[in-house]
Structure formats: C-alpha cells, structure tokens
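Summary of structural features
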Amino acid sequence: MVIDKKGLMIVLSSPSGVGKTTLTKKLAENNSHFVISISYTTRKPRPNEIDGKHYHFVTSKKFNDLIKKNDFYEYAEIFDNYYGTHKKTVNELLSKKKDVLFDIDWQGTQQLSKFKELNLLKIFILPPSKEELKKRLIQRNQDKLDVVEERLKAYDADSAHKKDYDFVVINDNLENCFKEVEKIILMKKNKK
Ligand code: ADP
Ligand code: 5GP
C-alpha cells in the first residue's frame, strides 16, 4: 500500500487524567478530516467504554499474537496493561488522506518517532496543577481509588517527557486548550 507520507499523525500525550481523550474526541467532532486511532489494549473496559469505539479490548494472548506478527507501529506496557497502535489500520487512514489523532503515552511516541517517513506532530498536555489532576481522576470516577493513586504517582516521571514534544499546552479551561491545540494542528497543516 502507498502511504501518503504527508498525512499528519497528531500525537497527544499527558499524564493520565489530564484530558487527552476529551480533547481528541472534541477535535474529531469539530474537524471531519480528523480520525482517532483506536488502540488495542489488554485493559478491562470501563463501564461506559465500547469495544471497537474506545479501544479494541483483547486478551493478552491476542495482543501477543499481534506483537509476534509485527502488526503494531508501537506498543507499551502501562499500569500493568498493554496498549498498541495497529499499523495497517493507521496506514489505511493515512492513505485516505485523513489526519490521525493518537492518544498514546511517551513510550509509544518515542517508538513512532523512529519512523522517519512519518509526519508526526507531538503535543504534550499538562494540567494546571497536580491537585486539579487528582480532582479529574476522582471525578472520572470509573477507576478505583488505588488506581487513582497509582496514576498520580506516575505524574512527575510522565511529565518529565514533555521535553520530547513539539508543543506543551496546559489544559486549564477546556475550550481554550482545545482552541490552542486546534490552532497548532492547523498551523502545521498549512505549512506542508
Ligand atoms: P485522559 O484521557 O488524559 O486520561 P480524560 O479525557 O479521560 O483524560 O479526562 C479526565 C477527566 O477530566 C474527565 O472526567 C474529563 O471530563 C475531565 N476534564 C478534561 N478536561 C477538563 C478541563 N479542562 N477541566 C475540567 N475537567 C476536565
Ligand atoms: P487509559 O487506561 O487511561 O485509557 O490509558 C492509559 C494510558 O495509555 C494513557 O496515557 C494513554 O495515552 C495510553 N495509551 C492508550 N493507547 C495507547 C497505545 O496504543 N499506545 C501507547 N503507547 N499508549 C497508549
């Protein structure tokens, strides 16, 4: 398959709970040429999550088979679960000239960065404060408290990776953050 090398791959990373899922959804709703990459994961679905829409929820065995077949652009172990980006699906979207949004962590971003032929835009999202992040993680209210604590503990180490990204944006007011991220993406697209 011929991949449109100019197809934009927009990566949003952040410590857990900052608002990546909310932002990618809003970006895709407001721009018909943006499509969200649906990752594979061994994590169990949260109550409102739908298989094939939020993630492809798979067993560890299925995930390992995909690794062996070299079907992932990248994959990583995060909080005891595996998450990965399916290569063929992404290539198909790029060949349809879609701009693909990725809600993936810093490990996945590092792996994608090694593919020099890909046109990556890397944006790191931070919360206005750690206290606000804790509120958001609790408010999301679908993870148990020990899960919230585990994710908060990873905050400092996760945030340190912001240096590997093209832009850092603070998600304080959602609407402002969305506009800022959208502006960055459109700026990059217009430069092509
Ligand atoms: P992530 O995908 O980064 O883990 P989510 O998008 O699931 O984060 O957001 C975590 C929680 O924070 C959700 O309940 C979401 O509605 C809320 N949230 C996201 N952005 C904001 C914001 N700017 N202000 C307040 N709450 C927010
Ligand atoms: P959650 O369990 O909250 O949905 O996601 C946990 C973390 O996994 C988030 O930081 C999210 O960005 C990351 N993630 C989701 N899908 C992928 C993926 O395909 N690859 C990588 N490397 N990280 C992912």
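A quick note: this is a predicted structure, and the numbers were derived from the prediction, not measured. (Residues numbered from 1 in each chain as written. Chains lettered and ligands numbered in written order. Predicted model: local features only at pLDDT ≥ 70, side-chain atom pairs only at ≥ 80, totals over all residues. Heavy atoms only, no water.)

Here's the deal with the overall build of the protein chain
- A tally of helices and strands in the protein chain yields eight helices and nine strands.
- Computed over its C-alpha atoms, the radius of gyration of the protein chain comes to 16 Å, within 12% of the 16 Å expected for a compact globule of 192 residues.
- Referenced to the eigenvectors of the C-alpha coordinate spread, the extents of the protein chain come out at roughly 45 × 40 × 30 Å.
- Burial analysis of the protein chain (192 residues in total) assigns 45% to the buried set.
- Treating the 37 positive side-chain charges of the protein chain as one cloud and the 28 negative ones as another, the clouds have centres 4 Å apart. (Helix = DSSP H or I, 4+ residues; strand = E, 2+ residues; numbered from the N terminus. Rg over C-alpha atoms; globule rule 2.2 N^0.38 Å. Buried < 20%, exposed > 50% of the residue type's maximum accessible area, 1.4 Å probe, protein only. Lys, Arg positive; Asp, Glu negative; His and termini not counted. Charge placed at Lys NZ, Arg CZ, Asp CG, Glu CD.)

Considerations on the site of ligand 1
- The local shell around ligand 1 holds 17 residues, among which Gly17, Lys20, Thr21, Thr22 and Asp172 are the closest.
- Within the contact set of ligand 1, an oxygen atom lies 2.6 Å away from a side-chain nitrogen or oxygen of Thr22.
- Coverage of ligand 1 by the protein chains reaches 81% of its 570 Å² of free accessible surface.
- Looking at the shell around ligand 1, the elements that each hand over two or more residues are α1 (20-30) and α5 (130-140). (Near = heavy atom within 4 Å. Polar contact = N/O pair within 3.5 Å; in protein donor to acceptor, adjacent residues only side chain to side chain. Areas by Shrake-Rupley, 256 points an atom, 1.4 Å probe, with all protein chains shown as cover.)

Description of the packing of aromatic side chains
- By the definition in use, this model includes nine aromatic pairs.
- Note on Phe63 and Tyr82: the rings are 5.6 Å apart at their centroids and 45° apart in plane angle, and the pair reads as tilted. Highlighted residues: Phe63 in helix α2 (residues 60-68) and Tyr82 in strand β6 (residues 81-86), separated in sequence by 19 residues.
- Its relative accessible area of 1% is what places Phe63 among the buried residues.
- Here the aromatic residues Tyr40, Phe63, Phe72, Tyr75 and Tyr82 are joined through ring pairs into a cluster of three or more. (Phe/Tyr/Trp six-rings, centres within 6.5 Å; stacked < 30°, edge-to-face > 60°.)

None of this, on its own, says anything about what the molecule does.
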